[in-house]
Amino acid sequence: MIELGSEATVEINPVGEEETKVIVVDGFVRNVDALKNSACEISGYTPDGKTSYPGVRAILPGEYVDLVVQFSVPLLRREFDIPENVTFNVTMAYFSLLTVTEKYLSVPQRLPHFDTTKKHYYAVLHYLNDGDFGGTGFFRHIPTGFEKVDNARKDLYKQSVLSFMAIRGVPDPAYIGESSAQFKCYSKVKYKSNRLVIYPGNLLHCGLLSESQDVCADPRKGRLTASIFIDFDAE
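Residues numbered from 1 in each chain as written. Predicted model: local features only at pLDDT ≥ 70, side-chain atom pairs only at ≥ 80, totals over all residues. Heavy atoms only, no water.

Caption draft 1: Summary view of the overall build of the chain. Looking only at helices and strands, the chain has four helices and ten strands in total. Its helices and strands taken in sequence order, the chain reads β-β-α-β-α-β-β-β-α-β-β-β-α-β from the N to the C terminus. C-alpha atoms of the chain, sized along the principal axes, occupy 55 × 40 × 30 Å. On the chain, roughly 11,300 Å² of surface is accessible, and the fraction owed to carbon and sulfur atoms is 50%. For the chain, the separation between the mean place of its 25 positive charges and that of its 30 negative charges on side chains is 3 Å. (Helix = DSSP H or I, 4+ residues; strand = E, 2+ residues; numbered from the N terminus. Areas by Shrake-Rupley, 256 points an atom, 1.4 Å probe, with all protein chains shown as cover. Lys, Arg positive; Asp, Glu negative; His and termini not counted. Charge placed at Lys NZ, Arg CZ, Asp CG, Glu CD.)

Structure below.
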């Protein structure tokens, strides 16, 4: 049984020039080993077919998803001023395991990304395994100054990214790290086992990854996370 940690701590961190809230919870579950064991018992890890995540995924246990939702939804309503009468939907819920080596990265996988242009769509990321893995970085697009991409910014952002690459060339096949000529990492959350990170999906973000540390197909040893996406926007 997966239960909330009795000594879980919650930090609300406004990040960047736009002061967008990123929530960090340490000691999220009491028995993280049980969740990791559940991940290791799964044999059906595959690419999700929906996103550009550079690895494989498997469906999370429903009991755990329910716990995350019960914890996160009231917190999101409070911190992001979402009315009680606005319903929500869990759009994806996966164990995620980084497996793609740098030479096979697509161009989008070499860049920070946003999950959605919606205002109230949130990523809930739970770091699971112990290890010196890369955390999560939040990026500013230098040419436009954008830290998040909504519907009003989407076309200009995409045009600017493509124009930059047309002039300067596409990035080398490598994980971005903490900076590039086009993007600046202005805030980061360090990887720590049993740490939960919650942030709006329209923030430009990326894993701060390296092939030597983070790429591993073994759920017992690799950069194993749980990823849940909660959507309060009906449109």
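There is more to say, and it comes next.
Caption draft 2: Spatial organisation of the sheet that holds strand E1 (residues 9-15). Read from one edge of the open sheet, seven strands run E1-E2-E8-E5-E10-E4-E3, paired in antiparallel fashion. Edge strands, defined here as strands with exactly one partner in the open sheet, are E1 and strand E3 (55-59). Here the strands of the sheet are splayed against their neighbours by 25 degrees on average, with no regard to which way each runs. Bridge count for strand E4 (residues 89-98) against strand E10 (residues 224-231) is eight bridges, and the pairing is antiparallel. (Pairing = 2+ DSSP bridges. Axes fitted to C-alpha atoms, helices over the stretch in contact; angles between N-to-C directions.)

Caption draft 3: Region of the structure containing the sheet that holds strand E6 (residues 136-141). The three strands are arranged E7-E6-E9 in an open sheet whose pairing can be described as antiparallel. With partners counted over all chains shown, the strands left at the sheet margins are strand E7 (183-189) and strand E9 (205-207), one partner each. Sheet twist, expressed as the mean angle between neighbouring strand axes with direction ignored, is 35 degrees.

Caption draft 4: View of the environment of valine 90. Here valine 90 lies in strand E4. Along the primary structure valine 90 and valine 69 are separated by 21 residues, whereas in three dimensions their C-alpha atoms are 8.3 Å apart. Not counting chain neighbours up to four residues away, the residues in contact with valine 90 comprise Val65, Val69, Ile228 and Phe229. (Contact = heavy atoms within 4.5 Å.)

Caption draft 5: A look at the nonpolar core. Counting 36 residues, the largest nonpolar core has Phe28, Leu60, Tyr64, Leu76, Phe95 and Ile228 as the members making the most contacts within it. Sorting elements by how many residues they give to this core places helix H2 (residues 62-79) first, with nine residues. Not counting chain neighbours up to four residues away, the residues in contact with leucine 76 comprise Asp81, Ile82, Tyr122, Ile198, Ile230 and Phe232. If you look at the next biggest cluster of nonpolar residues, it comprises 18 residues, including Phe133, Val189, Val197 and Phe229. (Core = buried A, V, L, I, M, F, W, Y, C linked by side-chain atoms within 4.5 Å. Buried < 20%, exposed > 50% of the residue type's maximum accessible area, 1.4 Å probe, protein only.)

Caption draft 6: Fine view of the environment of aspartate 150. Looking at the secondary structure, you find aspartate 150 in the loop between E6 and helix H3 (151-168). For the pair aspartate 150 and valine 29, spaced 121 residues apart in the sequence, the C-alpha separation amounts to 33 Å. At a separation of 3.1 Å, a polar atom in the side chain of aspartate 150 contacts the main-chain amide nitrogen of alanine 152. Polar contacts involving the side chain of aspartate 150 include one to the main-chain amide nitrogen of arginine 153, which spans 3.0 Å. (Polar contact = N/O pair within 3.5 Å; in protein donor to acceptor, adjacent residues only side chain to side chain.)

Caption draft 7: Region of interest: the packing of aromatic side chains. What the rule picks out here adds up to nine aromatic pairs. Taking the centre distance of 4.8 Å and the plane angle of 45 degrees together, the rings of phenylalanine 80 and tyrosine 122 count as tilted. With a gap of 42 residues between them, phenylalanine 80 in the loop between H2 and E4 and tyrosine 122 in strand E5 (residues 121-127) connect regions that are remote in the sequence. The residues phenylalanine 80 and tyrosine 122 share a single accessibility class, namely buried. Ring plane angle 75 degrees and centroid distance 5.9 Å describe the contact between phenylalanine 114 and tyrosine 157, whose orientation is recorded as edge-to-face. Of the two residues, phenylalanine 114 is situated in the loop between E4 and E5 and tyrosine 157 in helix H3; the sequence distance between them amounts to 43 residues. (Phe/Tyr/Trp six-rings, centres within 6.5 Å; stacked < 30°, edge-to-face > 60°.)

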